[in-house]
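# Secondary and tertiary structure notes
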Number of protein chains: 2
Amino acid sequence: MGYSIGQVSKKTGLGVHTLRYYEKEGLLPFVSKTSSGLRTYSDNDLGWIKMIECLKATGMPLKGIKQYIDWFIEGDSTLTKRLEMFEKQKQNLENQLSQIQNNMQMIDYKIRLYQKAVQLGSLQRANQDKELQKEKVKLFANEQIDN
Amino acid sequence: MGYSIGQVSKKTGLGVHTLRYYEKEGLLPFVSKTSSGLRTYSDNDLGWIKMIECLKATGMPLKGIKQYIDWFIEGDSTLTKRLEMFEKQKQNLENQLSQIQNNMQMIDYKIRLYQKAVQLGSLQRANQDKELQKEKVKLFANEQIDN
DNA sequence: AAAATTTCTAGAGTTAGCTCTAGATTTAAC
DNA sequence: GTTAAATCTAGAGCTAACTCTAGAAATTTT
């Protein structure tokens with residue numbers, strides 16, 4: 001009916017130590033145990049794990065995730081807090097997105113530069129390519145010119 | 001002519017300790033020093049710092065970044081290795097992007113759920129909303145149904 | 001029912017990436 | 001020229017998030 005810790009580990013890729021660690025940290029307060037003390041995970045628990053992974057992947061520290069779970073346990077009096085948390089997290093995510101797009105430009109430039117360099121057998125000569133120089137200038141155009 | 005460590009710290013937001021730490025780890029091998037031993041950073045050094053930030057932000061550990069710098073120092077015999085590194089990094093970045101898009105859906109669902117919950121004063125009642133239930137089903141549709 | 005595997009708890013150890021401290025030296029401000 | 005601020009080195013300390021160990025108990029496989 002429920003999943004053993006090993007099965008959950010395989011399903012989620014998380015490692016049994018990690019699962020127990022999360023539980024110890026208060027991130028999985030609903031996991032139940034058999035009469036002999038073995039953990040059994042429900043589908044609901046798997047849902048929580050998915051949620052944890054999502055928040056972790058979007059940069060929330062485990063303490064922040066615990067806060068959310070504590071609010072959840074506290075009940076409907078914390079609804080606005082939880083909403084605000086998710087809204088803040090969405091903001092984070094959008095920042096990450098634009099960050100990634102910037103980084104992608106940088107990496108793309110480097111890839112083209114090194115393709116040229118491999119082709120010419122020399123980074124120096126690749127750097128002299130007019131097209132690549134133009135691209136580099138554009139890339140560094142969003143620098144602050146201060147102090 | 002060059003920047004002091006404090007100026008670079010302000011420019012990059014990195015903290016003087018961190019800058020010295022990066023240098024100790026071999027990530028900034030070109031920073032020069034005045035006759036009395038103070039670091040002076042050139043614009044080229046700032047470029048390296050930008051590169052470090054970019055690779056770090058895309059999930060490369062400092063050791064990997066050091067590897068790249070070592071290859072750079074080694075010269076044109078490592079051009080292909082460096083190209084491959086950037087190509088792998090681009091792959092990483094694309095994975096991150098699709099990951100973020102998944103997470104965004106999850107967060108968006110949660111925001112709508114909690115908006116409804118705040119409006120109704122109850123998470124339970126929000127969960128009964130037909131529209132939100134449909135959305136939830138869609139979200140969890142990409143689950144593996146195995147083992 | 002014996003052997004092999006999985007799980008348990010409590011606690012120690014690890015890794016990455018900073019972050020800080022102390023005491024000395026250098027530089028900038030008044 | 002004195003104070004105040006910034007920088008130096010070497011090394012210690014810190015935090016987050018695991019990751020592992022040991023020895024016992026439970027479960028599964030043979």
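Relevant structure appears above.
As a starting point, this report considers the structure included with it.

Each value, and the rule that gives it
Residues numbered from 1 in each chain as written. Chains lettered and ligands numbered in written order. Predicted model: local features only at pLDDT ≥ 70, side-chain atom pairs only at ≥ 80, totals over all residues. Heavy atoms only, no water. Axes fitted to C-alpha atoms, helices over the stretch in contact; angles between N-to-C directions. Helix = DSSP H or I, 4+ residues; strand = E, 2+ residues; numbered from the N terminus. Parallel < 35°, antiparallel > 145°, perpendicular 65-115°, else oblique. Contact = heavy atoms within 4.5 Å. Nonpolar A, V, L, I, M, F, W, Y, C, P; charged D, E, K, R; others polar. Least-squares fit on C-alpha atoms with pLDDT ≥ 70 in both. Buried < 20%, exposed > 50% of the residue type's maximum accessible area, 1.4 Å probe, protein only. Polar contact = N/O pair within 3.5 Å; in protein donor to acceptor, adjacent residues only side chain to side chain. Near = heavy atom within 4 Å.

Working note: a packed helix pair is described by the angle between its axes plus the distance between those axes. All names here are of chain A. One way to put it is that helix H1 (residues 5-12) packs onto helix H2 (residues 16-24) with a least axis distance of 9 Å and a crossing angle of 105°. Compared by their axis directions, H1 and H2 come out roughly perpendicular. Of the residues in H2, those touching H1 at Ile5, Gly6, Val8 and Ser9 are Val16, Leu19 and Arg20. Partitioning the contact of H1 with H2 into residue classes produces 4 nonpolar, 2 polar and 1 charged.

Looking now at the relation of the copies chain A and chain B. With an RMSD of 0.0 Å, the fit of chain A onto chain B corresponds to turning through 180° and sliding 0.0 Å along the axis. The two molecules are tied by a two-fold rotation axis, judged by turn and shift. Of every C-alpha in chain A, the one belonging to Leu97 of chain A sits nearest the axis of rotation, 3.6 Å from it. The share of interface residues of chain A whose copies in chain B are also at the interface is 100%, consistent with both copies meeting through the same surface.

Quick look at the environment of Ser122 of chain B now. Tracing the backbone through its elements, the reader meets Ser122 of chain B in the loop between helix H5 (79-120) and helix H6 (123-127). Judged by its relative accessible area of 6%, Ser122 of chain B falls in the buried class. With 100 residues separating them along the chain, Ser122 of chain B and Tyr22 of chain B place their C-alpha atoms 50 Å apart. Sequence-distant contacts of Ser122 of chain B, that is, excluding residues within four places in its chain, are made with Asp76 and Leu79 of chain A together with Ala117 of chain B. In this structure the side chain of Ser122 of chain B is engaged in a polar contact, spanning 3.0 Å, whose partner is the backbone nitrogen of Arg125 of chain B.

Here we come to the protein's contact with DNA strand C. In the vicinity of DNA strand C, 18 residues are found, and the nearest of them are Arg20, Lys33 and Arg39 of chain A together with Tyr22 and Ser36 of chain B. Of everything in DNA strand C that lies within 4 Å of the protein, sugar and phosphate atoms constitute 75%. Between a phosphate oxygen of DNA strand C and a side-chain N or O atom of Ser4 of chain A, the distance comes to 2.9 Å. Measuring from a phosphate oxygen of DNA strand C, one finds a side-chain N or O atom of Ser36 of chain B at 2.4 Å. Elements supplying a minimum of two residues to the surface near DNA strand C: H1 of chain A together with helix H2 (16-24) and helix H4 (62-74) of chain B. With 4 residues, H2 of chain B is the single largest residue contributor to the surface near DNA strand C. Partitioned by chemical class, the residues of the surface near DNA strand C number 7 nonpolar, 6 polar and 5 charged.

Among the 18 residues in the neighbourhood of DNA strand D, the closest are listed as Tyr22 and Ser36 of chain A together with Arg20, Lys33 and Arg39 of chain B. For DNA strand D, the backbone makes up 75% of the atoms found within 4 Å of the protein, where backbone means sugar plus phosphate. Ser4 of chain B is positioned such that a nitrogen or oxygen atom in its side chain is 2.9 Å from a phosphate oxygen of DNA strand D. Arg20 of chain B is positioned with one of its side-chain polar atoms (N or O) 2.6 Å from a phosphate oxygen of DNA strand D. Looking at the surface near DNA strand D, the elements that each hand over two or more residues are H2 and helix H4 (62-74) of chain A together with helix H1 (5-12) of chain B.

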